[in-house]
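# An overview of the molecular structure
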Amino acid sequence: MKLRLLAAALIGLLAAACSAFAEDTSFLHISEAWSAPSLHFVIDADVMPVEAGTRLPVYETDYAPSTKEAWLAVFFGDPHADVTDSFAGKSQEALLSARVTDADRERAYSLGNIHTRYQACFCALTYSATARELIRNIPAAVENAQAEGVALSPEQARAAAQGWIDRFSSALGWKNFQWAHTYALPPGDGRTVENENYVSTGLYLVEYERFLNGIPVARDVLPGSETEGDLMQFYLDGSGVLRIDGVCRSYTEQGSAPVRVSLEEAIGILKEHADFVPAFPDSGGFILREAGLCYRLVPELREDDPDYHAVMAARPAWRFASGICRNQTNVFVLYIDAETGEVLD
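Residues numbered from 1 in each chain as written. Predicted model: local features only at pLDDT ≥ 70, side-chain atom pairs only at ≥ 80, totals over all residues. Heavy atoms only, no water.

## Description of the pairing of strand β9 (residues 177–185)
What counts here: Exposure is judged per residue with a 1.4 Å probe applied to protein chains only, and the accessible area is read against the type maximum: over 50% gives exposed, under 20% gives buried, and values in between give partly exposed. The way it works is that DSSP assigns letters per residue, a run of H or I at least four long becomes a helix, a run of E at least two long becomes a strand, and they are numbered from the N terminus. The rule for pairing is simple: two strands pair if DSSP sees at least two bridges between them.
The element β9 is largely enclosed, with a buried count of 7 among its 9 residues. Where strand β8 (residues 142–143) meets β9, 2 bridges bridge the pair, whose relative direction is antiparallel. Looking at the pairing, Val-142 lines up with Ala-184 of β9.

Here it is, written out as structure tokens:
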């Protein structure tokens, strides 16, 4: 009860003093434990409260825009580079087998060791600048650490990735990606790959998330879900960027939605539904260290529609999580629509 009174008082003070997402907004620390029928939960997180009734824009997403000339300039350094077009001259049957439903949205160009692809059916970007295989042991990643056997520092790796982000923004119009994490991945010994030509040193993984109005687009990949938020991942060794994996869409504002569900009410909904989330801790229970408002992508089309991954609604939602979910069953994530209180997939 004391926690609820404190939360209500702070929310009122903050709402009167500043806008919902200004950088100087104070955070409210939530520390609370409870037990569900089969699990124990603890919230231990700093949360930015939002006044009930605050209206936030909602968006509809679509394919990320690009032109061939801009693409070649960004990835090959020349808008007229003599690249190989992977789909040129292919039959309609061959294109459909590669899941190409609209060639104008696709980008699949190669030159030497550089291969690029924007796969429209998943809104997915792939860039590879090496024939060597990358051993990406993400579960063993260490944040802000020096990658073993790599001359680059974490700060230099981030700066190299930021250069790409700046070019994406200026040349392709892919804006509002903000740095989120820099990880060091351990060296691989090659036992897990068939290709003998692999990167044997450590790697850096630099991640950028999409933000709308200062609010992140949720990027968790939940088990069994087809919804993946916008994210750019850069893999680097001492030579620079070796690979980029990303998901990128365009966003068009489509009105607004009020935040009707307060933080206190969201925590109540969390408690009611936490035991039904298909997540299983390694031991004991879950500690939810991440909580706050985000934009959650909500599918608007049937899964068999070719535009399923492109056309979605981006809606404000409360997110409670034990960490970033990368298609893991041992990470807890729950989304609650901030307007309706509906639990979202």
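## Focus: the environment of Val-47
Put simply, the rule reads: In what follows, a contact means two residues having at least one pair of non-hydrogen atoms within 4.5 Å.
With respect to the helices and strands, the residue Val-47 is situated in strand β2 (residues 40–47). Using a relative accessible area of 1% as the deciding quantity, one classes Val-47 as buried. Distance in space between the C-alpha atoms of Val-47 and Phe-27 is 5.3 Å, their sequence separation being 20 residues. When near neighbours in sequence (up to four residues on either side) are disregarded, Val-47 contacts Phe-27, Leu-28, Ile-30, Leu-263, Ala-291, Gly-292 and Trp-318.

## Section: helix α5 (residues 263–273)
Threshold: Here the arc refers to the directions that run from the helix axis out to each C-beta atom.
Taken residue by residue, α5 has Leu-263, Ala-266, Ile-267, Ile-269 and Leu-270 as its buried positions. Taken around the axis of α5, the buried residues stretch over an arc of 160°, which confines them to a single face. Those residues of α5 hidden inside the fold are in contact with β1 (28–35), β2, β15 (285–288), β17 (312–321), β18 (333–337) and β19 (343–344).

## Some remarks on the packing of aromatic side chains
This is how the line gets drawn: Only the six-membered ring of Trp is used, alongside the rings of Phe and Tyr, when aromatic pairs are assigned; centres must lie within 6.5 Å, and planes under 30 degrees apart are stacked while those over 60 apart are edge-to-face, with the rest tilted. Criterion for a charge above a ring: Lys NZ or Arg CZ within 6 Å of the ring centre, and within 35 degrees of the ring normal.
Tallying each qualifying case throughout the model produces 17 aromatic pairs. Geometrically, the ring pair formed by Trp-34 and Phe-41 is stacked, given 5.2 Å between the ring centres and 15° between the ring planes. Residue classification places Trp-34 among the buried positions, given a relative accessible area of 10%. Note on Tyr-118 and Trp-174: the rings are 6.2 Å apart at their centroids and 45° apart in plane angle, and the pair reads as tilted. Linking Tyr-118 in strand β6 (residues 114–119) with Trp-174 in the loop between α4 (154–172) and β9, this pair joins segments that are 56 residues apart in sequence. Here the two residues Tyr-118 and Trp-174 agree in accessibility, since each one is buried. A connected cluster of aromatic rings, assembled from ring pairs, spans Trp-71, Phe-75, Tyr-118, Tyr-127, Trp-164, Phe-168, Trp-174, Tyr-208 and Phe-234. Between the NZ or CZ atom of Arg-136 and the centre of the ring of Tyr-235, over which it lies, the distance is 4.9 Å. Lying over the aromatic face of Trp-164, Arg-167 brings its terminal NZ or CZ to 4.5 Å of the ring centre.

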